[in-house]
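# Chain and residue survey
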Protein chains: 2
Amino acid sequence: MSAGLLGLLRPSLTSSLRSAPTRLARFTRFRPASNSCSPSFPCVDAHAARESKLKESSRAASSATSSRTESGPEPAYARPNPTSYHVYHHPHPLTLTYSAKPLPSFDIAYETWGTLSPSRDNVILLHTGLSASSHAASTEANPTEGWWQKFIGPGRALDTNQFFIICTNVIGGCYGSTGPSSIDPATGRPYATTFPIISIFDMVRAQFCLLDHLRIDKLYASVGCSMGAMQSLAAAWLHPSRVGKVVSISGTARSSPSSVAMRYAQRSVLMADPNWKNGFYYDSLPPHTGMKLARQIATITYRSGPEWDQRFGRQLQPRPGNEDSSTPRVPALCPDFLIETYLDHQGEQFCLKYDANSLIYISKAMDLFDMTLPALQDLNLTSSTSSAPPTPEPNSARGFHKTSHSKSHPPPLNPPPYLSDLAKGLRPLAQIPTLVLGVQSDILFTVEQQREVADALRMAGNDRVSYYELGGVWGHDTFLIDVLNVGGAIRGFLS
Amino acid sequence: MSAGLLGLLRPSLTSSLRSAPTRLARFTRFRPASNSCSPSFPCVDAHAARESKLKESSRAASSATSSRTESGPEPAYARPNPTSYHVYHHPHPLTLTYSAKPLPSFDIAYETWGTLSPSRDNVILLHTGLSASSHAASTEANPTEGWWQKFIGPGRALDTNQFFIICTNVIGGCYGSTGPSSIDPATGRPYATTFPIISIFDMVRAQFCLLDHLRIDKLYASVGCSMGAMQSLAAAWLHPSRVGKVVSISGTARSSPSSVAMRYAQRSVLMADPNWKNGFYYDSLPPHTGMKLARQIATITYRSGPEWDQRFGRQLQPRPGNEDSSTPRVPALCPDFLIETYLDHQGEQFCLKYDANSLIYISKAMDLFDMTLPALQDLNLTSSTSSAPPTPEPNSARGFHKTSHSKSHPPPLNPPPYLSDLAKGLRPLAQIPTLVLGVQSDILFTVEQQREVADALRMAGNDRVSYYELGGVWGHDTFLIDVLNVGGAIRGFLS
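These numbers were taken from a predicted model, which means no experiment stands behind them.

### Comments concerning the overall build of chain A
Helices and strands together make up the secondary structure of chain A, namely 14 helices and twelve strands. Here chain A holds 495 residues, and the buried ones make up 62% of them. Taking as baseline every contact in chain A between residues at least 6 positions apart, the subset at least 24 positions apart corresponds to 75%. Within the structure as shown, chain A displays about 18500 Å² of accessible surface, and the carbon and sulfur contribution to it stands at 54%.

### Some words on the interface of chain A and chain B
Accessible area lost on assembly of the parts is the figure often given for the size of an interface. Between chain A and chain B, the contact holds 86 residues from the first and 86 residues from the second. Across the chain A-chain B interface, the total number found is six salt bridges. Measuring nitrogen to oxygen at the nearest pair gives 2.7 Å for the salt bridge that ties R267(A) to E340(B). Counting the contacts that link chain A with chain B gives 18 residue pairs in polar contact (both at pLDDT 80 or more). With eleven residues, the single largest contributor to the side of chain A that touches chain B is helix α5 (residues 257–271) of chain A.

### Re the state of the cysteines
Residues and elements named next belong to chain A. Counted by the stated rule, this structure contains two disulfides over all chains. Put simply, C43 and C334 are joined by a disulfide, and their sulfur atoms are 1.9 Å apart. Measuring handedness by torsion sign, the sulfur bridge of C43 and C334 sits at about -75 degrees and is left-handed. Placement of the pair is C43 in helix α2 (residues 42–63) and C334 in the loop between α7 (305–311) and α8 (338–350), with a sequence separation of 291 residues. Its relative accessible area of 6% is what places C334 among the buried residues. Of all cysteine sulfurs, the one in C167 lies closest to C209, which takes part in no disulfide; the gap is 17 Å.

### Some words on the nonpolar core
If you look at the biggest cluster of nonpolar residues, it comprises 225 residues, and the most contacted ones within it are I166(A), M371(A), I166(B) and M371(B). Beyond its immediate sequence surroundings of up to four residues, M371(A) is in contact with F201(A), L233(A), A234(A), W237(A), A253(A), L376(A), D421(A), L422(A), G425(A) and L426(A).

### Notes on the relation of the copies chain A and chain B
The transform that puts chain A on chain B rotates by 180 degrees and translates by 0.0 Å along the axis, for an RMSD of 0.0 Å. In the structure described here, the two chain copies are related by an operation that fits a two-fold rotation axis. For chain A, the minimum C-alpha distance to the rotation axis belongs to V269(A) and amounts to 3.5 Å. With an isologous cut-off of 70% or more, the 100% of interface residues of chain A that recur at the interface of chain B puts this contact in the isologous class.

### Quick notes on the environment of G173(A)
Residue and element names in this part refer to chain A. Locating G173 in the fold gives a position in the loop between β6 (164–168) and β7 (183–184). Of the residues examined, G173 reaches a relative accessible area of 0% and is grouped as buried. Put simply, G173 and A356 are 183 residues apart on the chain and 9.9 Å apart in space, counted from C-alpha to C-alpha. Among all residues touching G173, those that are not within four sequence positions of it are T178, G179, P180, Y354, S358 and I362.

### Description of the packing of α5(A) against helix α8 (residues 338–350) of chain B
Between two packed helices, what matters for the description is the angle formed by their axes and the separation of those axes. Packing of α5(A) against α8(B) brings their axes to within 9 Å, and their N-to-C directions diverge by 50 degrees. The orientation of α5(A) relative to α8(B) falls into the category oblique. Judged by the sense of rotation from one axis to the other, the crossing of α5(A) with α8(B) is right-handed. Residues P257(A), V260(A), A261(A), Y264(A) and R267(A) of α5(A) touch α8(B), and the partners they reach there are I339(B), E340(B), L343(B) and D344(B). Split into classes, the residues belonging to the contact of α5(A) with α8(B) amount to six nonpolar, no polar and three charged.

### So, the packing of aromatic side chains
Per the stated rule, a full pass over the model turns up 28 aromatic pairs over all chains. Between the aromatic rings of Y191(B) and F195(B), the centroid separation amounts to 5.1 Å while the plane-to-plane angle is 80 degrees, which identifies the pairing as edge-to-face. The residues Y191(B) and F195(B) share a single accessibility class, namely buried. Their ring planes at 40 degrees and their centres at 4.5 Å tell us that Y281(B) and Y282(B) sit as a pair that is tilted. Under the relative-accessibility criterion, Y281(B) is labelled buried at 1%. One aromatic cluster in this structure is built from F30(A), F337(A) and Y98(B). Looking at K245(A), its charged tip hangs above the ring of F493(A), at a distance of 5.1 Å from the centre. Positioned above the aromatic ring of F350(A), the side-chain terminus of R295(A) is 3.8 Å from the ring centre.

### Quick notes on the sheet that holds strand β9 (residues 221–225) of chain A
Working definition: the strands of a sheet are paired by backbone hydrogen bonds and lie parallel or antiparallel to each other. Residue and element names in this part refer to chain A. Sheet architecture is open: eight strands sit in the order β1-β2-β6-β3-β9-β10-β11-β12, paired in mixed fashion. One side of each edge strand has no neighbouring strand; the edge strands of this open sheet are β1 (86–90) and β12 (465–470). Here the strands of the sheet are splayed against their neighbours by 20 degrees on average, with no regard to which way each runs. Both strand β10 (residues 246–249) and strand β11 (residues 434–439) contribute to a ladder of four bridges, which runs parallel. What sits directly across from V246, in β11, is T434. In this fold helix α4 (residues 227–238) packs onto β3 (123–127), β9 and β10, with an angle of close to 155 degrees to the strand it touches most, β9. Helix-sheet contacts for helix α12 (residues 447–459) involve β11 and β12, and the interaxial angle to β12 is about 170 degrees.

### Details of the UniProt feature "active site" (unreviewed entry) in chain A
Residues and elements named next belong to chain A. Taken from the UniProt record, the annotation "active site" (unreviewed entry) applies to S226, D442 and H476. The largest pairwise C-alpha distance within this set of annotated residues, which runs over 251 residues, is 10.7 Å, so the set is compact in three dimensions. The topology assignment puts D442 in the loop between β11 and α12. Beyond its immediate chain neighbours, meaning those up to four positions away, D442 contacts S250, V447, G475 and H476.

### Description of the sheet that holds strand β12 (residues 465–470) of chain B
All names here are of chain B. The strand order across the open sheet built from eight strands is β1-β2-β6-β3-β9-β10-β11-β12, with neighbouring strands paired in mixed fashion. The two strands at the open ends of the sheet, each matched to only one other strand, are β1 (86–90) and β12. The average angle at which neighbouring strand axes cross in this sheet is 20 degrees, direction not considered. Bridge analysis of strand β2 (residues 106–113) against strand β6 (residues 164–168) gives four bridges, and the strand direction is antiparallel. Opposite E111, over in β6, you have C167 as the bridge partner. Together, β1, β2, β3 (123–127) and β6 form the strand contacts of helix α3 (residues 200–213), whose direction differs from that of β2 by roughly 65 degrees.

### Points about the environment of F106(B)
All names here are of chain B. Within the secondary structure layout, F106 lies in strand β2. A sequence separation of 269 residues divides F106 from A375, and the C-alpha atoms of the two residues are 27 Å apart. Dropping the residues within four chain positions of it, F106 is found in contact with Y88, H89, H90, H92, L94, I171, T178, A206 and C209.

### Observations concerning the pairing of β9(A)
Residue and element names in this part refer to chain A. Burial within β9 is extensive, with five of its five residues counted as buried. Residue alternation in β9 divides its side chains into two sets, A221, V223 and C225 and S222 and G224, and both sets are buried. Bridging between β3 and β9 involves four bridges; their strand directions are parallel. What sits directly across from H127, in β9, is G224.

### A word on the pattern of salt bridges
Within the structure shown, the criterion is met by 34 salt bridges over all chains. Where R189(A) meets D283(A), a salt bridge forms, and the shortest distance between an N and an O atom there is 3.4 Å. Taken together, the residues span a long stretch of sequence, with R189(A) in strand β8 (residues 189–190) and D283(A) in the loop between α5 and α6 (288–302) at a distance of 94 residues. What makes R189(A) partly exposed here is its relative accessible area of 49%. Using a relative accessible area of 62% as the deciding quantity, one classes D283(A) as exposed. In this structure, the salt-bridge partner of D477(B) is R303(B), at a minimum N-O distance of 2.7 Å. Taken together, the residues D477(B) in the loop between β12 and α13 (478–481) and R303(B) in the loop between α6 (288–302) and α7 (305–311) connect sequence positions 174 residues apart. Note on D477(B): relative accessible area 12%, which makes it buried.

What counts and what doesn't
Residues numbered from 1 in each chain as written. Chains lettered and ligands numbered in written order. Predicted model: local features only at pLDDT ≥ 70, side-chain atom pairs only at ≥ 80, totals over all residues. Heavy atoms only, no water. Helix = DSSP H or I, 4+ residues; strand = E, 2+ residues; numbered from the N terminus. Buried < 20%, exposed > 50% of the residue type's maximum accessible area, 1.4 Å probe, protein only. Contact = heavy atoms within 4.5 Å. Areas by Shrake-Rupley, 256 points an atom, 1.4 Å probe, with all protein chains shown as cover. Salt bridge = Lys/Arg side-chain N within 4 Å of Asp/Glu carboxyl O. Polar contact = N/O pair within 3.5 Å; in protein donor to acceptor, adjacent residues only side chain to side chain. Disulfide = S-S within 2.5 Å. Core = buried A, V, L, I, M, F, W, Y, C linked by side-chain atoms within 4.5 Å. Least-squares fit on C-alpha atoms with pLDDT ≥ 70 in both. Axes fitted to C-alpha atoms, helices over the stretch in contact; angles between N-to-C directions. Parallel < 35°, antiparallel > 145°, perpendicular 65-115°, else oblique. Left-handed = near helix turned anticlockwise from the far one by under 90°. Nonpolar A, V, L, I, M, F, W, Y, C, P; charged D, E, K, R; others polar. Phe/Tyr/Trp six-rings, centres within 6.5 Å; stacked < 30°, edge-to-face > 60°. Lys NZ or Arg CZ within 6 Å of the ring centre and 35° of its normal. Pairing = 2+ DSSP bridges. UniProt positions renumbered as here; feature names shortened; annotations may be inferred.

Given below as structure tokens:
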């Protein structure tokens, strides 16, 4: 494994990374206004402008459906392109965690990379984060870059010379798999918010229906980052005998109240958008403003303060018609600082790319994720193993320190009750080698949660837990960026 | 000084505070739904219900203005009660940082505690955070508890046996001082967003107009927390000879991009509320939904993840008609977890208490605050001292380590350029004893920013910087809660 894996310690960031180059100082200059003028708010007008364009586009589409172009502001998810991915239609009901009534049938979109071995034993199931599609990397059918492009390919973290990699769009999503925007066969109309509450376990059960269809009995590994890490753990829990190894990067086995808070804030601004209409917006305009605002909040949770110090500092965004950034300028109530225009831009880019109801349902599924034993028992969830090894008591010599790769982060000597409950919940994973990797600057899935997963697994009797922490400033997004360290850890663990 | 001041280190929090009592486990149980029903969204309906009540109240008020009652949902700031505080009307123009045109005149609301000494030398000017009024503690005119009730009184942190304490509502606010909701004498209508952009320095200049009016030449101390700490530093910068001591608690001398991001997210959701109407809502309904959503986001920044782990964990809020919290229940898209209902409640409580435009203007003033020398020079801001001592070069023996109270947090040996710029900016404070206190769990004004202020002051030649860090889980709100440690540090420093 790479020595770089050990990363940097957080305290070292502050002094080294705040030293933005002095040449940027000229971008940070304000001056007093020489005269007053009537207030204008381009950042607010942008919402109305988007609404107008959507209305125009909607009119044009209804008058000439066949002449739709890619350039319109119509929601991207409204134009699925099933030629760019595979779709498996499961014609049987899917049992759901929180609903006595199953989904009558469902579609699951997926893409693959590499070659399935004759013995079908080289399969890696890659799980996605909240809003990702199955398009993790370019394929022949869809050559555009995927969301994990640099991690998939010959010699890469997920080595296509060796592995057959499958990535799906999760149930509840809007990129080809059945979700709130799909047609309910019972009514002929989109489910909208009549779609049942789903769980991470439901997403995984749907994936295993696909694996059954593909006649894949056992995964070489289940791999995921962020919400994908939740799915990765859930897959091993549901089917311990069908999962060879588990990779959990920047995930959790028990969503924390602070992450619930940050997702709740996003759902709140989205559901308050008048266009949301309790979720029944599919024959009118989508809640694009709420989506933009929600994405702005989400973006704050994806990176870190030290990164923004380094990347933006107090730099200003040049205004149209005021390109000379060395000229001091008058501040306004709309964005001035680069950090503000960055958030604005991230929201604008996302607001028509993803279905609002999918965001609400999937973020709720993340909130509900809790692998402590009492929570699992209440839900009548069953792991398909009945031969789990005896769970050592917390604090036993066997439970701790056996093959720790992180002696600098020893588990607590007196673990709190929830950690023991989590260890009991994770007992079906006791025999599965697991890589747990976290990032110290992550504010959404904190490093404490990474330690929690690793500790609970060890307490459950798992003596093949590889545990790493990365430094750096990229926060939660590190798994999308740090090919060297994240990719290196995965490659080492899988080989 | 109290030994308790040294506080706890952050790493110790995780293991000790996540051990929520096991008796709470019964509050966290979900179960599958036994049947499906049509979706309902009480959390969204609440906005419409509030809107209806506001409309009713508005109609009632217009038909019988004299019969207004306190119980209506009318915005609290629309009912100022000038008998409960003093108002000084300054009949002369106030120079503004970002506008060539001054405020023609202004009101400033204030309250006092203790007795002014005959020589008028025992005055403490207490500065407020973003949304606070002048009502820091109960008075004869207004016996309700104030926002810093436990810190003001005989023998308390601000000892009324010894000091005469003045607290004002800041310019830009809505609790008696001139702000966007005030009448513009030029038009006879509320300023709304024709109100000029204001700065922290402008707030302080208005306060010194009041001090002049009260014939107070020199403050014993300038004291503030959060935005109040910015004002406290700004007061000493503008009038070094009129400020005896400075207290800066959980503040900054240079707003960080992450704090700008969090305030920008709040302004965005507020300004997207259709009721906001570019700020011209004073003769219609206020943007109460946007204010609620903004406050939810703000609340996330005021506390900390470890506190929520400890306080809420994954507990559920009992639903109306489902008071038996031991009964498992079906999850919903509206709030389930206590952390969600907590945020919802905080937003609901606040949304009619404070003027939306005041929130926008004052949060922008916080973003703009930057005491580095280049920023101050661009604004033509002048400190009233011309006899500042020579500033030692960074890294000199004099600049560092002289009377450090925090040898465990030594300043960086190779300070980044912005820190040298900040030291140059803070040079007028070189002779003023200053207490800098921060909280390690604060995510809004991070502990790194506290070190930055202390380091820059020392580099500016100030050898009377007292510096403390507190542990604990209360985050930014610690200054409102931790009477023992925050109060103790202030009392020790002022005595």
